[in-house]
Amino acid sequence: MSRTLTIDPVTRIEGHAKVHIDIGDDGKVASATLHVLEFRGFERFVQGMQAELMPTLTTRICGTCPHAHHLVSAKALDIMFSAPPPPAALLLRQLLNCGSMIHSHAIHFFALAGPDIFLGEKSPVGKRNLMGLLEAAPDLAKKALRLRSIGQTMVEIVGGRGTHPVTAVAGGMSCGLTKESHATLNALAAEALELAKVVLDAGKKALAKDPEMLGRLPLKVNDMGTLKGNALDLYDGRLRVRKPDGSVAVDFAAADYADHLVEEALPYSYGKQVLLKDTSGATQPYRVGPLARLNCAEVTGTKLADAALAEWKATCGDPSPLVVAGHWARLVEILHCAEKAVSMLDDETILSADVRTPPGAIQRHAVAHVEAPRGVLIHDYHVDDKAIIESANFVVATQHNISSINTTIKDAASRLLGGSDSDLLDGVEFAIRCYDPCLSCSTHRVGQMPLEVSLWQGGQHIRSARR
Amino acid sequence: MAKVTVSFEWLSGCSGCELSIVDLHERLLAVLEQIDIVRLPILMDVKDYPKAKLGIITGALRTHHDVECAKKMRASCDAILAYGTCGVYGGPQGSGYAHAQSELAETAFVNNPTTSTHFVPDQGVPKLLAEGVLALDAAISVDLYLPGCPPHAYYVFEALRSVLDGKPPQFGEHNVCYHCDRHMKHTEVAALRRVHQGSLEKDACFLSQGILCMGSATLDRCRGACPTRGMPCSGCAGPSEAIVLEPNRDIRTEVATRMSMMTKIPKATITSEIEKQAKTYYAYAMASPVFREKPTFLLRRWISQQGAAR
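Residues numbered from 1 in each chain as written. Chains lettered and ligands numbered in written order. Predicted model: local features only at pLDDT ≥ 70, side-chain atom pairs only at ≥ 80, totals over all residues. Heavy atoms only, no water.

Trainee: What is the right way to read the overall build of chain B from this model?
Mentor: For chain B, the count of helices and strands is 12 helices and 5 strands. Against the globule reference of 19 Å for 310 residues, chain B gives a C-alpha radius of gyration of 21 Å, in line with a compact fold. Taking the principal axes of the C-alpha coordinates as reference, chain B spans close to 60 × 50 × 35 Å. Entry remark: accessible area of chain B is about 12,500 Å², with carbon and sulfur atoms responsible for 55%. Separation between the mean location of the 33 positive side-chain charges and that of the 32 negative ones in chain B comes to 4 Å. (Helix = DSSP H or I, 4+ residues; strand = E, 2+ residues; numbered from the N terminus. Rg over C-alpha atoms; globule rule 2.2 N^0.38 Å. Areas by Shrake-Rupley, 256 points an atom, 1.4 Å probe, with all protein chains shown as cover. Lys, Arg positive; Asp, Glu negative; His and termini not counted. Charge placed at Lys NZ, Arg CZ, Asp CG, Glu CD.)

Trainee: Teacher, can you tell me more about the overall build of chain A here?
Mentor: For chain A, the count of helices and strands is 15 helices and 17 strands. Taking 467 residues into account, the globule formula puts the C-alpha radius of gyration at 23 Å, and chain A, at 21 Å, falls close to it. For chain A, with 467 residues in total, the buried portion stands at 68%. In chain A, the proportion of contacts linking residues at least 24 apart, taken out of those at least 6 apart, comes to 69%. About 13,800 Å² of surface is accessible on chain A, with carbon and sulfur atoms providing 55% of the total. Once the 48 positive and 52 negative side-chain charges of chain A are each reduced to a mean point, those two points are 3 Å apart. (Buried < 20%, exposed > 50% of the residue type's maximum accessible area, 1.4 Å probe, protein only. Contact = heavy atoms within 4.5 Å.)

Trainee: Just to check I follow, could you spell out the packing of aromatic side chains for this structure?
Mentor: For any pair of aromatic rings, the description consists of the separation of the ring centres together with the inter-plane angle of the planes. A complete count under the given rule lists 6 aromatic pairs over all chains for this structure. Judged by centre distance (4.8 Å) and plane angle (45°), the ring pair of A:F42 and A:F45 falls under tilted. Of the two residues, A:F42 and A:F45 are both situated in helix 1 (residues 42-45); the distance of 3 residues between them amounts to about one turn of the helix. Pairing B:Y154 with B:Y155 gives two aromatic rings, centres 5.0 Å apart and planes at 85°, and the pair type is edge-to-face. These aromatic residues form a ring-pair network of at least three members: B:Y154, B:Y155 and B:F171. (Phe/Tyr/Trp six-rings, centres within 6.5 Å; stacked < 30°, edge-to-face > 60°.)

Trainee: It is not clear to me how the interface of chain A and chain B should be interpreted in this structure. Could you clarify?
Mentor: By a widespread convention, an interface's size corresponds to the accessible area lost as its parts come together. At the junction of the two partners, chain A supplies 81 residues and chain B supplies 73 residues. Buried surface at the junction of chain A and chain B, both sides included, amounts to about 6,500 Å², of which 56% is carbon and sulfur. Of all residues in chain A, A:F39, A:R44 and A:Y270 give up the largest surface area on contact with chain B, accounting jointly for 11% of the area buried on that side. Applying the counting criterion to the chain A and chain B interface returns 3 salt bridges. Remark: the boundary between chain A and chain B carries 31 residue pairs in polar contact (both at pLDDT 80 or more). Its residues assigned to classes, the side of chain A that touches chain B comprises 34 nonpolar, 25 polar and 22 charged. (Buried area = accessible area lost by both parts, 1.4 Å probe. Salt bridge = Lys/Arg side-chain N within 4 Å of Asp/Glu carboxyl O. Polar contact = N/O pair within 3.5 Å; in protein donor to acceptor, adjacent residues only side chain to side chain. Nonpolar A, V, L, I, M, F, W, Y, C, P; charged D, E, K, R; others polar.)

Trainee: Even after reading the chapter, I still don't get the sheet that holds strand 11 (residues 283-284) of chain A, so can you show me in this structure?
Mentor: By way of backbone hydrogen bonds, the strands of a sheet pair with one another, either parallel or antiparallel. All names here are of chain A. Pairing in this open sheet of 3 strands is antiparallel, and the strands run 9-10-11 from one edge to the other. Each end of this open sheet is capped by a strand with a single partner; those strands are strand 9 (261-266) and strand 11. Direction of pairing for strand 9 relative to strand 10 (residues 269-277): antiparallel, over a ladder of 5 bridges. Bridged to L266 within strand 10 is S269. This element, helix 13 (residues 397-416), spans strand 9 and strand 10 of the sheet and lies at about 80° to strand 10. (Pairing = 2+ DSSP bridges. Axes fitted to C-alpha atoms, helices over the stretch in contact; angles between N-to-C directions.)

Trainee: Sorry if this is basic, but what is going on with the pairing of strand 3 (residues 52-58) of chain B here?
Mentor: Residues in a regular strand point their side chains to alternate faces of the sheet. All names here are of chain B. Among the 7 residues of strand 3, 6 are classified as buried, and the element is accordingly described as predominantly covered. Two elements, strand 3 and strand 4 (residues 77-83), share 6 bridges in a ladder whose sense is parallel. Among the inter-strand pairings, A52 is bridged to a residue of strand 4, identified as C77. Remark: the strand 3/helix 3 (residues 64-76)/strand 4 crossover connection has right-handed handedness. (Right-handed = clockwise from strand over helix to strand, strands pointing away.)

Trainee: Is there a simple way to explain helix 3 of chain B in this structure?
Mentor: Spacing of three or four residues puts side chains on the same side of an α-helix, whose turn is 3.6 residues. Residues and elements named next belong to chain B. A rise of 1.5 Å per residue sets the reference length of helix 3, with its 13 residues, at 18 Å; its end C-alpha atoms lie 19 Å apart and thus fit the reference within 8%. Considered for burial, the residues of helix 3 that qualify are D66, V67, C69, A70, M73, R74 and S76. If you follow the buried residues of helix 3, they end up packed against strand 1 (4-10), strand 3 and strand 4. (Expected span 1.5 Å × (residues − 1).)

Trainee: What am I meant to see in the packing of helix 3 (residues 66-80) of chain A against helix 4 (residues 87-119) of chain A here?
Mentor: Axes are the key here: two packed helices are described by the angle between their axes and the distance separating the axes. Residue and element names in this part refer to chain A. One can describe the packing of helix 3 onto helix 4 by two numbers: an axis separation of 10 Å at closest approach and a directional angle of 160°. When the interaxial angle is binned, helix 3 and helix 4 end up roughly antiparallel. At the point where helix 3 passes helix 4, the crossing takes the left-handed sense. Here H67, H70, L71, A74, K75 and D78 of helix 3 come into contact with helix 4, specifically with R93, L96, N97 and S100. Looking at the contact of helix 3 with helix 4 residue by residue, the classes come out as 3 nonpolar, 4 polar and 3 charged. (Parallel < 35°, antiparallel > 145°, perpendicular 65-115°, else oblique. Left-handed = near helix turned anticlockwise from the far one by under 90°.)

Trainee: Would you explain the packing of helix 8 (residues 251-262) of chain B against helix 9 (residues 267-276) of chain B in this entry?
Mentor: All names here are of chain B. Two elements in contact, helix 8 and helix 9, have axes separated by 8 Å at closest approach and are oriented at 145°. Two packed elements cross with a definite hand, and for helix 8 against helix 9 that hand is right-handed. Between helix 8, through R252, T253, V255, A256, T257, M259 and S260, and helix 9, the contact on the second element is made entirely by K267, I270, T271, I274 and E275. Of the residues belonging to the contact of helix 8 with helix 9, the class tally is 5 nonpolar, 4 polar and 3 charged.

Trainee: Help me understand the environment of A:A341, please; the structure alone is not making it clear to me.
Mentor: Residues and elements named next belong to chain A. Relative to the helices and strands, A341 resides in helix 12 (residues 325-346). Taking the relative accessible area as the measure of exposure, A341 reaches 1% and is therefore buried. As for A341 and L91, which are separated by 250 residues in sequence, their C-alpha atoms are 9.2 Å apart. Not counting residues up to four positions away in its chain, the partners in contact with A341 are L95, M154 and A189.

Trainee: What should I look at first to understand the confidence of the model for chain B in this one?
Mentor: Should the pLDDT be low somewhere, the predicted coordinates at that spot are not to be read in detail. Residue and element names in this part refer to chain B. Within chain B, residue pLDDT values average 88, and 93% of them lie at 70 or more. Ranking the elements of chain B by mean pLDDT puts helix 11 (residues 289-292) last, at 69, and helix 9 first, at 95. The ipTM value of the predicted complex is 0.92, and its pTM value is 0.93. (pLDDT = per-residue confidence, 0-100.)

Trainee: Is there a simple way to explain the nonpolar core in this structure?
Mentor: Within soluble globular proteins, side chains that are nonpolar tend to cluster in buried spots. A:I21, A:L95 and A:W312 are the most contacted members of the largest nonpolar core, which has 98 residues in total. Here this core takes 16 residues from helix 4 of chain A, the largest share from any one element. In this view, A:W312 contacts A:L291, A:L294, A:N295, A:G317, A:S320, A:A325, A:W328 and A:A329; residues no more than four positions away in its chain are not counted. Ranked by size, the runner-up nonpolar core spans 42 residues in total, among them A:V46, B:L104, B:V125 and B:A283. (Core = buried A, V, L, I, M, F, W, Y, C linked by side-chain atoms within 4.5 Å.)

If you want it as structure tokens, here you go:
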């Protein structure tokens, strides 16, 4: 199953990610497609498992943001076992989410996008990587790496382990905080907040001083994000789709996702794309993730991030069509998560020993969603009367973006076709990276993204550019 | 001292093992000082397989391409370390063992409730192995095994240190109970129950409460992450040393023996329940030949007896 959307450029296809570009008779790019080449089959083999295994088993769909699968399946179990979590458990789950968001966003922005943004695209290829960034801006790069480490350590403390956390269960959490762990978390969150201010400031300045880069890949498309009222919420709320003209297309509860979203298989890829469908059955693309979330939200609910959001909207537009502004959005979210972590740890409720509601009657169908770092993640389970899984359906963040990623690749390729292969590869890589797709290698590189772009015309393979 | 050359390869997995290396946090720098990484797919653009003293492979074998890559690693490295439960035992996707490969694809692509199309992608995507998922040593010889999903930083650091120093690792082959401080005690509990059925005693062994916990049958590569935080062990690091080495022992016999001694639940009731719920209790190591060759192990039959839908 490509639900993980792990495109492994290196191991799956001669060590390369595959992008397929079709050129029309007019010599222009007709279409561009990203190919997902990993399939594991989780939806089938979880059938027959005990439902309570899902929060720990489904983390293994993706090691980059396992906490999101952990939390969304625990949320589904809350519904399945009629056990709404007590307040302390909700705070702990959100704290887990904040820690992981900080870790994931920080590693993306600095290890992956950072080299282009801070060193410039024209810097030598051998230097345009994390090592080059460590040389050129050691203080900033070290702060960013420390921020990642803090985020993951928060997950380790609250979730029991950093990669593949274990503590979210039906009805809440399997254990609460001790005084000692609370004190450690307090210190970490305070440090994260200071670091988040510094890296946001540095990232924002670097992007704002290069309007060409920031404005290069505009895409007017629907945005989808989770809101409580009009405020950003990364853990729970209603899903809202905002149109490019700023109006709201639809606003719905995750439980009704099947009425609004439809998946489509693609013959060349194990990654299904998801589209928005209206009442007439017509479909439209949309995007999710930091850019989409900030486009949907009017406020973040934390003070410093609210100011940062207002500045982001004033510079990039509201809603912003600028795909590259997603990098900046990621830093605003880091600041929000750090602020939120500090405020949740200040709330004495989080120290309560009451972290788990006893289970009640079994509900046969449960749907839940959460905002993963890369966007909306949905788990949908049917169980029998003994809570054994009868069927499961997972809609994973990167799937929502497949259609927009392909459009942006086409845009980048159109501008660069006819130039050098090296520019084409750089441009395509830059375009894909804006979406931070969960192609695990592209999110954690030191060198270049190994990539193969093949050009086709009239069904004939013309040539491939690769590195 | 010359640095040790290390080559990495990543097959069918989730990327969690790669992150577990980053999660050495500040100790990562100490490791990096001693090694010279010649190949690292997620970070470096190296297409071929340079010679290396140590080859670290994460992930299981899922496609023919995975098998090819594993063989190239074997040929280019002096020693191979299978890193993580997927490489050692097949990992969670090894649960596909209970199904034909076409069933897995049909659920995702042909008969999926929110998918409007009804075909399985077949243009240029890698072909899946007919056997489903295989552990690494089904295709190549493996010198060192480090299961864990992912292994805890303590074991990662110690394993790397032992290879770098050329000395045996200083960690034992304990099971998960080694790090668990719950009290084992005799109880009057007469029936098995699941974790959602009734209240939990905070400090008592799960088995003595009638709740199945795989800790006593699972190798500790997590430092007791689950039972020390209120969760029964789900066996993610694979079986304990005793089970791996002795053909007459199995997860269910190990757990049933202990549990029946602490409670009033008959041993046969416990083994039977684990067989009925084989998908749950063998979730991480189902694909392993260690189990397939055991005379006691009839996974496919147990699962098929639970009905076609399971």
